[in-house]
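Each chain, letter by letter, is given below.
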Amino acid sequence: MKIPRFSRVLRTVAIFEAFKGIVVLLVGAGLLSILRGDVEKLAETFVAHFHLDPSSKYPRIFLELASQINNTHLWMLAIFVIVYAILRFVEAYGLWRARVWAEWLAALSGAIYIPFEVMELTKHVNIWTIGTLIINVIIVSFMGYGLRHSKEIIDEISHLHDHASKR
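Residue positions are given per chain, counting from 1 as you read along its sequence in written order. Reporting of local features is limited, given that this is a predicted model, to residues whose pLDDT is at least 70; pairs of side-chain atoms are given and counted only at 80 or more, and all residues count toward the totals for whole chains, interfaces and linings. Hydrogens and waters are ignored; side-chain quantities use all the structure's heavy atoms.

J.: What should I look at first to understand the overall build of the chain in this one?
T.: The secondary structure content of the chain amounts to seven helices and zero strands. Scanning the chain from its N terminus toward the C terminus, one meets helices and strands in the order α-α-α-α-α-α-α. The burial tally for the chain puts 28% of its 167 residues in the buried class. In this description, contact between two residues means that some pair of their heavy atoms is separated by no more than 4.5 Å. Counted over contacts in the chain with a minimum sequence separation of 6, partners at least 24 positions apart contribute 67%. Runs of E in the DSSP output that reach at least two residues are strands. Runs of H or I that reach at least four are helices, and both are numbered from the N terminus. Under the scheme applied here, a residue whose accessible area is under 20% of the maximum for its type counts as buried, over 50% as exposed, and between as partly exposed, the area being computed with a 1.4 Å probe on protein chains only.

Structure, rendered in structure tokens:
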């Protein structure tokens, strides 16, 4: 029974993509809440809350970037976040409904990140980077398998559907 397993995995990936869309929307909502406030003050509060030394390298870079952000930058970032979330939701819908175009979208959008993830591994090896790469390679491989065998899978699903309707 290869079909139910394939459908279950597709739906699992669909849930994962929808989850990514939700997370990105939550981040976007956070950005919109920042629009009402002072970004530089928020960054200083963040650095102080986590007891980071504002004169050390990364907190200093973070504070400098925060001082250069204006509402236009935040609106552009919020729009990008919304578009990205919509893309994740469309992909999730298509995968849930076992649409070939969604498999293509999942394979291509996942494959785009692999070189960057490998490059990141050459700089910093940690559990998150390794885990992200592994999950991404599994998803892209699965989508590639589904695309390569999609005609066979569709034919088998049609056959099962025809057989069930004759009963």
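J.: What's the story with the packing of aromatic side chains in this structure? I'm lost.
T.: By convention here, two paired aromatic rings are described through the distance between centres and the angle between planes. Here a pair means two rings of Phe, Tyr or Trp (six-membered ring of Trp) with centres within 6.5 Å. Their orientation is stacked below 30 degrees between planes, edge-to-face above 60, and tilted elsewhere. By the definition in use, this model includes three aromatic pairs. An aromatic cluster is built from Phe-46, Phe-50 and Phe-62, whose rings are joined through pairwise contacts.

J.: Sorry, what's going on with helix H5 (residues 100-123) here?
T.: In an α-helix, one turn spans 3.6 residues, which is why side chains three or four residues apart end up on the same side. Across its 24 residues, H5 extends 36 Å between first and last C-alpha, which sits within 8% of the 34 Å expected from 1.5 Å per residue. At Ile-114, H5 is deflected by roughly 25°, the largest bend along its length, and proline Pro-115 occurs up to four residues later in sequence. Buried within H5 we find Ala-102, Glu-103, Ala-106, Ala-107, Ser-109, Gly-110 and Glu-117. Any helix carries an expected span of 1.5 Å times its number of residues minus one. Throughout, the bend at a residue refers to the angle made by two axes, fitted to the seven residues ending there and to the seven starting there.

J.: Would you mind going over the environment of Asp-38 with me for this structure?
T.: One can find Asp-38 in the loop between helix H1 (2-35) and helix H2 (39-49). Once the C-alpha coordinates of Asp-38 and Asn-70 are considered, the two residues, 32 residues apart in sequence, prove to be 9.2 Å apart.

J.: Would you mind showing me how to read the pattern of salt bridges here?
T.: Once their charged atoms are close, side chains differing in charge can pair, the charge on each being opposite to the other. We count a salt bridge whenever a side-chain nitrogen from Lys or Arg sits within 4 Å of a carboxyl oxygen from Asp or Glu. Applying the stated rule across the entire model yields four salt bridges. Arg-60 is the salt-bridge partner of Glu-64, the closest N and O atoms lying 3.7 Å from each other. One end of the pair, Glu-64, and the other, Arg-60, are both in helix H3 (residues 57-68), four residues apart, so they sit about a helical turn from each other. When its relative accessible area of 42% is taken as the criterion, Glu-64 is described as partly exposed. Here Glu-91 makes a salt bridge to Arg-88, at a shortest N to O gap of 2.7 Å. With Glu-91 and Arg-88 both in helix H4 (residues 71-96) and three residues apart, the pair spans about one turn of that helix. The buried category is assigned to Glu-91, whose relative accessible area is 0%. Among the residues examined, Arg-88 registers a relative accessible area of 2% and is labelled buried. Residues joined in a network through salt bridges with shared partners are Glu-17, Lys-20, Arg-88 and Glu-91.

J.: I'm lost on the confidence of the model for the chain in this one. Help?
T.: Regions with low pLDDT should not have their predicted coordinates read in detail. As a per-residue quantity, pLDDT reports the predictor's confidence and falls between 0 and 100. Scored by pLDDT, the chain has a mean of 84; 87% of the residues are at 70 or more. Ranking the elements of the chain by mean pLDDT puts helix H7 (residues 150-166) last, at 63, and H5 first, at 92.

J.: Could you clarify how one ought to interpret the nonpolar core in this entry?
T.: Nonpolar side chains tend toward joint burial in soluble globular proteins. By size, the foremost hydrophobic cluster in this structure holds 13 residues, and its most contacted members are Leu-10, Val-13, Leu-95, Phe-142 and Met-143. The set of elements that each furnish at least two residues to this core consists of H1, H4, H5 and helix H6 (127-148). Apart from residues no more than four positions distant in its own chain, Met-143 is found in contact with Leu-10, Val-13, Leu-95, Glu-103, Ala-106 and Ala-107. The set of buried Ala, Val, Leu, Ile, Met, Phe, Trp, Tyr and Cys residues whose side-chain atoms join them within 4.5 Å is what this entry labels a nonpolar core.

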